[in-house]
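In case you want the letters, here they are:
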Amino acid sequence: MVDRVIPVVEQRYGVLQAPLNTAHIAPTGQLLDQRARALRDLRISVTDRCNFRCAYCMPKEVFDKAYPYLPHKALLSFEEITRLARLFIAHGVRKFRLTGGEPLLRKDLDQLIAQLAALCTPEGQELDITLTTNGSLLRRKAQLLKNAGLKRVTVSLDGLDDATFRRMNDVDFPVADVLDGIEAAREAGLQDIKVNMVVKRSTNVDQILPMARHFRGTGVTLRFIEYMDVGATNGWCMDEVLPSAEVLQLIHAEMPLVQLEPSAPGETAKRWGYAGADGKHDPALGEIGVISSVTQAFCGDCNRARLSTEGRLYLCLFADQGWDLRDLLRNGADDATISNAMAHIWGQRNDRYSEIRASLPPEAAQGRKRVEMSYIGG
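Residues numbered from 1 in each chain as written. Predicted model: local features only at pLDDT ≥ 70, side-chain atom pairs only at ≥ 80, totals over all residues. Heavy atoms only, no water.

1. Observations concerning the overall build of the protein chain
Looking only at helices and strands, one finds 12 helices and 13 strands in the protein chain. A burial count over the protein chain gives 55% of its 378 residues as buried. Counted over contacts in the protein chain with a minimum sequence separation of 6, partners at least 24 positions apart contribute 74%. Here the protein chain displays about 15900 Å² of accessible surface, and carbon together with sulfur accounts for 52% of that area. (Helix = DSSP H or I, 4+ residues; strand = E, 2+ residues; numbered from the N terminus. Buried < 20%, exposed > 50% of the residue type's maximum accessible area, 1.4 Å probe, protein only. Contact = heavy atoms within 4.5 Å. Areas by Shrake-Rupley, 256 points an atom, 1.4 Å probe, with all protein chains shown as cover.)

2. Some details on the confidence of the model for the protein chain
The share of residues in the protein chain with pLDDT of 70 or more is 89%, and the mean pLDDT across the chain is 89. Counting contacts from residues 1-11, a segment whose pLDDT is below 50, to residues more than four positions away or on other chains yields 30 contacts. (pLDDT = per-residue confidence, 0-100.)

3. Notes on the UniProt feature "binding site: [4Fe-4S] cluster 1" (unreviewed entry) in the protein chain
Within the UniProt annotation, "binding site: [4Fe-4S] cluster 1" (unreviewed entry) is assigned to Cys50, Cys54 and Cys57. In this structure, Cys50 is in contact with Met58, Gly101, Glu102, Leu105 and Asn134, ignoring residues within four places of it in sequence. Tracing the sequence through the fold places Cys54 in the loop between β2 (41-45) and α1 (78-90). (UniProt positions renumbered as here; feature names shortened; annotations may be inferred.)

4. With respect to the pattern of salt bridges
Enumeration according to the criterion identifies 21 salt bridges in this entry. Beyond isolated ion pairs, a larger network of salt bridges with shared partners links Asp128, Arg152, Asp192 and Lys194. (Salt bridge = Lys/Arg side-chain N within 4 Å of Asp/Glu carboxyl O.)

5. Concerning the nonpolar core
Formed by 108 residues in total, the largest nonpolar core has its most connected members in Phe224, Ile251 and Leu325. The greatest single-element share of this core, amounting to 7 residues, is contributed by α1. In this structure, Phe224 is in contact with Met197, Val199, Ile208, Val247, Ile251, Ile288, Gly289, Val290 and Ile291, ignoring residues within four places of it in sequence. (Core = buried A, V, L, I, M, F, W, Y, C linked by side-chain atoms within 4.5 Å.)

6. Section: the pairing of strand β4 (residues 128-133)
Buried residues dominate β4, accounting for 5 of its 6 residues. Summarising the sheet, strand β3 (residues 95-99) and β4 pair through 4 bridges and their orientation is parallel. Looking across to β4, one finds that Arg97 is bridged to Thr130. Once you follow β3 into helix α2 (residues 109-117) and on to β4, the crossover reads as right-handed. As defined by bridge partners, β4 adjoins strand β5 (residues 152-156) across 4 bridges and the pair is classed as parallel. (Pairing = 2+ DSSP bridges. Right-handed = clockwise from strand over helix to strand, strands pointing away.)

7. So, α1
An α-helical segment advances 3.6 residues per turn. Residues three or four places apart therefore align on the same side. Taking 1.5 Å of rise per residue, 13 residues should cover 18 Å, and α1 covers 19 Å from first to last C-alpha, within 8% of that figure. Among the residues of α1, Phe78, Glu80, Ile81, Thr82, Leu84, Ala85, Leu87, Phe88 and Ile89 are the ones counted as buried. Immediately beyond the C-terminal end of α1, within one or two residues, lies Gly92, with a positive phi of roughly 120 degrees. (Expected span 1.5 Å × (residues − 1).)

8. Describing the packing of aromatic side chains
Taken as a whole, this structure holds 4 aromatic pairs when the rule is applied. Between Phe52 and Phe173 the ring centres are 5.2 Å apart and the planes differ by 50 degrees, which places this aromatic pair in the tilted class. Residue Phe52 is found in the loop between β2 and α1, and its partner Phe173 is found in the loop between α4 (162-169) and α5 (175-188); the two are separated by 121 residues along the sequence. Judged by relative accessible area, which is 18%, Phe173 ranks as buried. Consider the rings of Tyr67 and Tyr69, whose centres lie 4.8 Å apart with planes at 70 degrees: the pair is edge-to-face. One exposure class covers both Tyr67 and Tyr69, and it is buried. Through successive ring pairs, a cluster of aromatic residues spans Phe52, Phe165 and Phe173. (Phe/Tyr/Trp six-rings, centres within 6.5 Å; stacked < 30°, edge-to-face > 60°.)

9. So, the packing of α1 against α2
For any two helices packed against each other, one specifies the crossing angle of their axes together with the interaxial distance. Their axes nearest at 10 Å, the elements α1 and α2 cross at an angle of 25 degrees. It follows from the interaxial angle that α1 and α2 lie roughly parallel. For the pair α1 and α2, the sense of crossing is right-handed. Across the interface between the two elements, Phe78, Glu79, Ile81, Thr82 and Ala85 from α1 touch Leu109, Gln111, Leu112, Gln115 and Leu116 from α2. When the residues that make up the contact of α1 with α2 are grouped by side-chain class, the tally is 6 nonpolar, 3 polar and 1 charged. (Axes fitted to C-alpha atoms, helices over the stretch in contact; angles between N-to-C directions. Parallel < 35°, antiparallel > 145°, perpendicular 65-115°, else oblique. Left-handed = near helix turned anticlockwise from the far one by under 90°. Nonpolar A, V, L, I, M, F, W, Y, C, P; charged D, E, K, R; others polar.)

Pasting the structure below:
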């Protein structure tokens, strides 16, 4: 595939050929990178398309009607994704998160979920299969996804005020329909429902407390994400970042919080529980999370890799190049060859962009080439 250059940005540059003819690395489930970080979590992008045009992800002035989305034949098939997933499991992956773009735009996505749900660890344990969505299609698809084997769902929602939300998604989509999608996920029996709110200082800071009030005590975990410099199209600048510490202060002043232990190794969110009258965490009131990749980097225990919709393996959300696994799939490579390539790719990983960001001059952080989040998922 030849990358096509478009005005402002090309999101798919930097393809690397997967390593071949390398020393054999047996899949033991304990694959480590150069910083001794294990591979446990694979984000799988199933489409580069989205029906929203959020300014921090897919701004309308770039992703317009003329934008050259990938043709369907370029996308990995469900069978190709499942084959790669099985090989990743042997190397230690225990969680698959389906992303996009907007993953629910991919036709028959429930079939992929069913194929992934049929896999298991070498010890026979179930895998954690989850999905991140903007919620616009959840009312129609939640039960189908649950029946196929989806375990959990995360919904992106940046505010409760309808005017603010319509302005942020930039396609005039009403917030009520996203809230209804969250309710549909609950009705379908999906567990551990999360809502992600990206906080941008000039846009939706006034929505922090309304969001916290709305989801407190509902069983839905609200997570606040610092506005990140993903991709090259969102016009990121540090002045727009509201540090998570300030978010916590704002909420704690009205609804006291207590810090909770991490839910799993490599977890991106720091957990805070709502306190009851006794000052201790009241599980009935639930919890929030803060994801502070700008002000408090968590590269040190990052266990995530990302598979793009046409089969490139990225080792960091802020990467500028990905390794081509689709070429191996479609040119007859056997499982052992592909598995070995995966091992060598992860084994040479040394990414830690969020840790070094603070040492970069502003123009370097803003002008650095990197793949678009809409292409490899958040």
